[in-house]
Structure formats: structure tokens, C-alpha cells
Amino acid sequence: MAKIRYEELLTSDFKKIRNRKPIIFLPLGTLEWHSDHLPLGMDAMAAHEICQRLAKKIGGMVIPPLYFGTDRAHRVKGKIFYGMDRRAGYHLPGSIYYLKPNLLYRLLLNIFSQIERQDFKLLVVITGHYGRKQIEILEKAAKNYKGKIKIYAANMRQLFKKTLSQDQTGHAGTGETSLFLALRPELVHMEKLKKDLSKPIEILRDDPRGRASKKLGKKILKSIMNKVSTDILKITKKFPCST
Ligand SMILES: [Zn+2]
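Summary of the structure given here. All residue numbers refer to position in the chain's written sequence, counted from 1. In view of the model being predicted, local features appear only for residues whose pLDDT reaches at least 70, and side-chain atom pairs are presented and counted only at 80 or more, with totals across whole chains, interfaces and linings using the full set of residues. Side-chain calculation: all heavy atoms of the structure are included, whereas hydrogens and water are not.

Points about the overall build of the chain
Per the convention used, a helix needs a DSSP run of H or I reaching at least four residues, while a strand needs a run of E reaching at least two, with both numbered from the N terminus. For the chain, the count of helices and strands is eight helices and six strands. Counting from the amino terminus, helix and strand elements in the chain follow one another as α-β-α-β-β-β-α-α-β-α-β-α-α-α. Dimensions of the chain, computed from C-alpha atoms along their principal axes, come out at roughly 55 × 40 × 30 Å. Relative to its full complement of 243 residues, the chain shows a buried share of 53%. Excluding contacts between residues fewer than 6 apart, the proportion of contacts in the chain whose partners are at least 24 apart in sequence is 78%. Reported accessibility uses the Shrake-Rupley method at a 1.4 Å probe radius. Residues are deemed covered only where the shown protein chains occlude them. For the chain, the accessible surface area stands at approximately 12,300 Å², while carbon and sulfur atoms represent 53% of it. Categorising residues by exposure relies on relative accessible area from a 1.4 Å probe, with only protein chains included: less than 20% of the type maximum marks a residue as buried, more than 50% marks it as exposed, and the intermediate range marks it as partly exposed. The criterion used for residue contact is that any of the two residues' heavy atoms lie within 4.5 Å.

Put into C-alpha cells, the structure is as follows:
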């Protein structure tokens, strides 16, 4: 099978893929508490899996995911809480991903310019972490980047909308659990969930038990693949790519 993971490529592979399809994928995510049943790196791993499937379908190569991202930060009684911490009221175990929004913004612009130097024409960035601040910074960086490379940015919040209702898109809820059951079932442990998810926040209004399934995950995945690949093909029509 053709290699598509950037870190595994030889220079000759790199040149061959880039000359055939100058598309590169960058998955974004976190290292973050995802309730008791999902792995800490799920956001980045889900985005990575999706990017690899897209590269196999359309062409291009995939950069290793960035496991650090951003969120809203809140100061409560002298303590800083990031993202989901605020609702929990304590530092959630496992969450270490937080970068200041402006740092992530500058980091993304820096990465974009490095990629542009290698003559790619399209950069597809998919963030598996869909905190509002993360989405805002990614969109701002994609919009403000002043280079020639085209940047297509997508986030899981928007991608989930096609197949899920609002109450299924909660953190570590039905959507994320189903998607990961379809992508990496060996890493999902439903049996680890506490009986009572209401205290203190645990699943956040979206208990995946009896709602999440591999079948739903496959449906979500199919819809994401269709949406992103259709969008990419529209963009790549405008620049020459040999197939
Ligand atoms: Zn997540």
C-alpha cells in the first residue's frame, strides 16, 4: 500500500506524492480528558484517521497530528480553568493540551509557511477538538494567512451537524464515541463509564450508552468523507493535478 504518513516517507516518496497531488493534511486535536471510556488523545487520533482516509481516497500526504490546541480560559477564585475544567470545577485528569490562543494562532501561521515552502497547493486542516476557541483560532489563521497555498479548514462541530442532533455532539458523547467506535474500536471502553454520569459533569448531558454505536459512527464517517472530499475536489479542479 502506498505510504501517505509524512513521517514514514523517503524523500523519493515525498517528491512522487507531492508531484502527483500537491495536497497535504494537518490533523489537530488535544490531550484531554474524554470521560472514562475514551482515550486522552482521541481528538487528534480521530482527525488523523480521517485525514489518512481522505489522502488514500484523493491523494496527498498526512502530517503527524498536533496534540496541543486551545480553549477558553476562565479564572475562578484565583485558579485558572481551561475548556471543560470550568464545568467540572476542577482540573480534569489528563488534560495538558492548552496553548494560549495567540500562541496557537502564530504556531499555525508558522506551520502554514513551512508547508508552503515545499510547493504544496492545498493544505487541509481538520480539527478533532471542537471547542469554540479552537475553531475561532483555526478559522482566523486560515483566513489571515498571506501566502499562496490554499487552506481548507474543517472542524468536527460543523462536520457532525450533517448526521447528529445538537444533543448528540457533547464532549465525549454520542457523536465522538460513535465515531471512535468506527475508527479505533479497540480504544473505546464503555465498561469504564460510571453508573451515574450526572456528578459532577462526566458526560455533559449526553450519555453515549444505548445511543452511541459503531453503525452510527460509520454513518458519521461516511458523511464527513463525502463532505470534505467533495469540497477538496472542487478546490483542486482549479489547479492542475496529475492523477
Ligand atoms: Zn473530543
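There is more to say, and it comes next.
Regarding the side chain of His129
Among the structural elements, His129 can be located in the loop between β5 (122-127) and α5 (132-144). By relative accessible area, His129 is classed as buried at 3%. A distance of 2.9 Å separates a polar atom in the side chain of His129 from the backbone oxygen of Thr70. In this structure the side chain of His129 is engaged in a polar contact, spanning 3.2 Å, whose partner is the side chain of Asp71. Setting aside anything within four residues of it in sequence, one finds His129 in contact with Leu28, Gly29, Thr30, Glu32, Asp43, Thr70, Asp71, Tyr97 and Gln134. What qualifies as a polar contact is a pair of N or O atoms within 3.5 Å, subject to a donor-acceptor requirement within protein and to the restriction that residues adjacent in sequence count only when both atoms come from side chains.

Here's the deal with the coordination of the zinc ion
Only N, O and S atoms count as donors, using a 2.8 Å limit from the metal and a wider 3.2 Å limit for Na, K and Ca, and since water is excluded some coordination spheres may look unfilled. Bound to the zinc ion are the protein donor atoms His34 (NE2), Asp43 (OD) and Glu176 (OE), situated 1.9 to 2.1 Å from the metal. Read in sequence order, the donor residues for the zinc ion give the motif H-x8-D-x132-E. With a gap of 142 residues between them, His34 in the loop between β1 (23-28) and α2 (42-58) and Glu176 in helix α7 (residues 174-183) connect regions that are remote in the sequence. Owing to a relative accessible area of 0%, His34 belongs among the buried residues under this scheme.

Some thoughts on the sheet that holds strand β2 (residues 61-62)
By the convention used here, strands pair only if DSSP detects at least 2 bridges between them. If you trace the four strands from one edge of the open sheet to the other, you get β2-β1-β5-β6, paired in parallel fashion. For this open sheet the edge positions go to β2 and β6 (150-155), each flanked by a neighbour on one side alone. Between N-to-C directions, angles span 0 to 180 degrees; the directions come from axes that are lines fitted to C-alpha atoms, helices contributing only their stretch in contact. Of the strands in this sheet, β1, β5 and β6 are in contact with α5, which crosses β6 at around 170°.

Digging into the pairing of strand β4 (residues 79-82)
Across four bridges, strand β3 (residues 73-76) lies against β4 in antiparallel orientation. What sits directly across from His74, in β4, is Phe81. In textbook terms, the turn of a hairpin is the stretch between consecutive antiparallel strands, and for β3 and β4 this stretch comprises two residues, one of which, Lys77, has a positive phi near 45°.

Quick notes on a positive patch on the surface
Only residues whose relative accessible area exceeds 30% and that take part in no salt bridge are eligible for patches, with like-charged residues grouped when within 9 Å of each other and nonpolar side chains (Val, Leu, Ile, Met, Phe, Trp, Tyr) grouped when within 5 Å. Every case where a carboxyl oxygen of Asp or Glu lies within 4 Å of a side-chain nitrogen of Lys or Arg is listed as a salt bridge. Positive: Lys, Arg. Negative: Asp, Glu. His and the chain ends are not part of the count. Here the site of a charge means NZ on Lys, CZ on Arg, CG on Asp, or CD on Glu. A surface patch of positive charge is lined by Arg72, Arg87, Arg132, Lys161 and Arg205. For Arg72, the location among the structural elements is in the loop between β2 and β3.

Points about the nonpolar core
When a protein is soluble and globular, its nonpolar side chains tend to lie buried together. What is meant by a nonpolar core is a set of buried Ala, Val, Leu, Ile, Met, Phe, Trp, Tyr and Cys residues, joined one to another through side-chain atoms within 4.5 Å. Counting residues in each nonpolar core, the largest one holds 40 residues, and the members touching the most others are Phe25, Ile50, Val124, Ile126, Leu179 and Val228. Where this core is concerned, the elements lending two or more residues are β1, α2, β5, β6, α6 (156-160), α7 and α8 (214-236). A per-element tally of this core places α2 first, with nine residues. Ignoring anything within four residues of it in the chain, the contact list for Phe25 reads Cys51, Leu54, Ala55, Gly59, Met61, Val62, Ile63, Val124 and Ile232. Ile24, Tyr105, Phe112 and Ile137 belong to the second-largest nonpolar core, a separate cluster that totals 24 residues.

It is worth stressing that arrangement in space is one thing and function is another; only the former is reported here.
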